[in-house]
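Residue-level listing of the chains:
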Amino acid sequence: MRKKKAFYLVFAALLTAGSVLAGCSPQKADTNTTDSGNGNTKGTTSSFSYLMHDKFINWLHEDKWYPYVEEATGTTVEFVPGGSNDDEYYASVDQKIISRTFPDSGIVSVSQATVYGAQGAFVDLAPYIDEFGPNIKSYIEANPTYKTLITNDDGQIFGLVAEAPRFADFIFYRADHFEKAGVTEVPQTIEELTDAMRKLKAHYGKDDKNYYPMVGREGYIRFQSAFNAAANYDDGVSRGVYGNGKTGTDLYSEGYKKMVEWYKTLYDEGLIDPEWVAGSGTEESWESKMLTGQGSLSYDYLTRPSWFMDNGGPENDPDYNIAILPYLKDLNGNPSVQTTETQYNTLRAMVVNKDSEDKAETIIKFLDYLYSDEGQTLVSWGVEGESYKEEGGQKQYIVDFSEQESTPAGEPRWSFLNDRLTFVKPIDNDAFYSWNTELVRNAALELFTDESLKTGVQVTYTADQSKKLADLSAKVNEAVTSGVTQFVTGKRAMSEWDAFLGEMEAAGYKDIVALQQEAYDAMYK
């Protein structure tokens, strides 16, 4: 997870230095490119340089569909590595802008695009899109939220933002464990899930004191949607600590307290891994527990159910079988709604260096191809007859997901993991769901519907708001996690819940909610 506080402090510290951009004549960055900016028609040899995360460059070099993009556009892209983690990367962006060594184009945050663009560091892409980007222009007009996100009050566009796939995590379980423990019905409510875990504990826990039905990694608070306790902007009102689409924390909802009480029940009865609750468990220990039978239930990233099937589960136990649980009903008996990440990733905006404005036409034409039907098919499905076929108007992959994704690092493969950054472009969610194992693909196509998913509300912040939010969040999030865990583990009585809310308010919880409201109103009202 990205350490936002560190990034925003670095960013804010460099804003003053960056203000000199508007008053300086540009120094052309040495990018070793030869393009004259005449566009990228098939048969030509246009080029531009592109700054992005190291790991994304490595992945892109492995994608078999990518050479077809360069061939179709007549453009060669020189990738420039910018860092191996987010803090390092975004700090390097600041430094490259200040030192006039930023390549022709690159990935920056929306905040950086807004601030540095206004100071003259980046090209206003709006006129280039009007003239050379018909597919980009159509996409912008068809997506008002996107238009609001990328366009300032003067109609300028300093960065195009990457779209993200629309999905949620899965609740998955050892189907063989459920059967052997006598759980004959798939749980549909929190109560039924709790009863199932009690049966699992009675069956597997009697011989193994280290067995806990529910195991996991990172934060253990995962069932907000089932308790109607997820933060949201319903009716345009900021409720809870939101985090741009993540489930978040709505401490003041009635369901949040009930959820904490439920977790306390799980903890008291040995139904949840205490190492997970304490924050001392690791990803490796979680994987080991799920693989070796010391856990039966997890709530994690959508590809994880297949990971356990492909990484030793059946080898450890011939009966090993992972299944995916439909999302539980909420406290009112209605299907729970999962809040997804926002549609657009505000850390991934592609900009064009003002020093390289002669490349803007080439870059926009290149990107416009990725917004076209032909380009979308290529990046989402590959090449017909090689990676997919079409029957009855429906595309189907003809290459195997597990085989392709297990190709050794550095070797070419067909890969359509469009949650990874390549270039800013639209996302074909059906393709994203389909590029997976049969287990995950079938569950995704069944469960990821408009009825079960609610896309997170997109909110952007000014540099000042971002710094305040980062400072407050660092303090409040730690206090919430620590405080809730005290209730769950019994170190603090539930009768002190109201006092705890007062402590969180003093720590700045409601200040975050107010900041979110201020940013929301500025964007949508």
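Our structure's up above, just so we're on the same page.
Given the structure is predicted, the values throughout are model-derived calculations rather than measurements.

A. Expanded view of the overall build of the protein. Of the regular secondary structure elements, the protein holds 23 helices and 12 strands. Radius of gyration (C-alpha) of the protein: 25 Å, near the 24 Å computed for a compact globule of 525 residues. In terms of its C-alpha atoms, the protein occupies a principal-axis envelope of roughly 75 × 55 × 35 Å. Here the protein, with 525 residues, has 55% of them falling under the buried criterion. If you take every contact in the protein between residues at least 6 apart in sequence, the share linking residues at least 24 apart comes to 77%. Accessible surface computed for the protein: about 22600 Å², of which carbon and sulfur atoms make up 47%. For the protein, the distance from the average site of its 48 positive side-chain charges to the average site of its 81 negative ones is 5 Å.

B. Spatial organisation of the pattern of salt bridges. Counted according to the given criterion, the structure contains 29 salt bridges. For Arg166, the salt bridge identified is with Asp450, shortest N-O distance 3.0 Å. Here the residue Arg166 occupies a position in the loop between strand S4 (160-163) and strand S5 (170-174), and Asp450 occupies one in the loop between helix H20 (438-447) and strand S12 (453-456), the gap between them amounting to 284 residues. Classification of Asp450 by relative accessible area gives exposed; the value is 61%. Look at the salt bridges and you will find they share partners, linking Arg217, Glu283, Glu287, Asp300 and Arg304 into a network.

C. Structural detail: the pairing of strand S7 (residues 322-325). The two faces of S7 match: Ile322 and Ile324 on one face and Ala323 and Leu325 on the other face are all buried. Relative to S7, S5 runs antiparallel, the two being bridged by four bridges. Looking at the pairing, Arg174 lines up with Ile322 of S7.

D. Main features of the packing of helix H3 (residues 66-73) against helix H16 (residues 360-371). Here H3 crosses H16 at 120°, and the two axes come no closer than 10 Å. Viewed along their axes, H3 and H16 adopt a mutual orientation that is oblique. Helix-helix and strand crossings are classified by hand; for H3 and H16 the assignment is right-handed. Between H3, through Tyr66, Val69, Ala72 and Thr73, and H16, the contact on the second element is made entirely by Phe366, Tyr369 and Leu370. Residues belonging to the contact of H3 with H16 are distributed by class as follows: six nonpolar, one polar and no charged.

Criteria and thresholds
- Residues numbered from 1 in each chain as written.
- Predicted model: local features only at pLDDT ≥ 70, side-chain atom pairs only at ≥ 80, totals over all residues.
- Heavy atoms only, no water.
- Helix = DSSP H or I, 4+ residues; strand = E, 2+ residues; numbered from the N terminus.
- Rg over C-alpha atoms; globule rule 2.2 N^0.38 Å.
- Buried < 20%, exposed > 50% of the residue type's maximum accessible area, 1.4 Å probe, protein only.
- Contact = heavy atoms within 4.5 Å.
- Areas by Shrake-Rupley, 256 points an atom, 1.4 Å probe, with all protein chains shown as cover.
- Lys, Arg positive; Asp, Glu negative; His and termini not counted.
- Charge placed at Lys NZ, Arg CZ, Asp CG, Glu CD.
- Salt bridge = Lys/Arg side-chain N within 4 Å of Asp/Glu carboxyl O.
- Pairing = 2+ DSSP bridges.
- Axes fitted to C-alpha atoms, helices over the stretch in contact; angles between N-to-C directions.
- Parallel < 35°, antiparallel > 145°, perpendicular 65-115°, else oblique.
- Left-handed = near helix turned anticlockwise from the far one by under 90°.
- Nonpolar A, V, L, I, M, F, W, Y, C, P; charged D, E, K, R; others polar.

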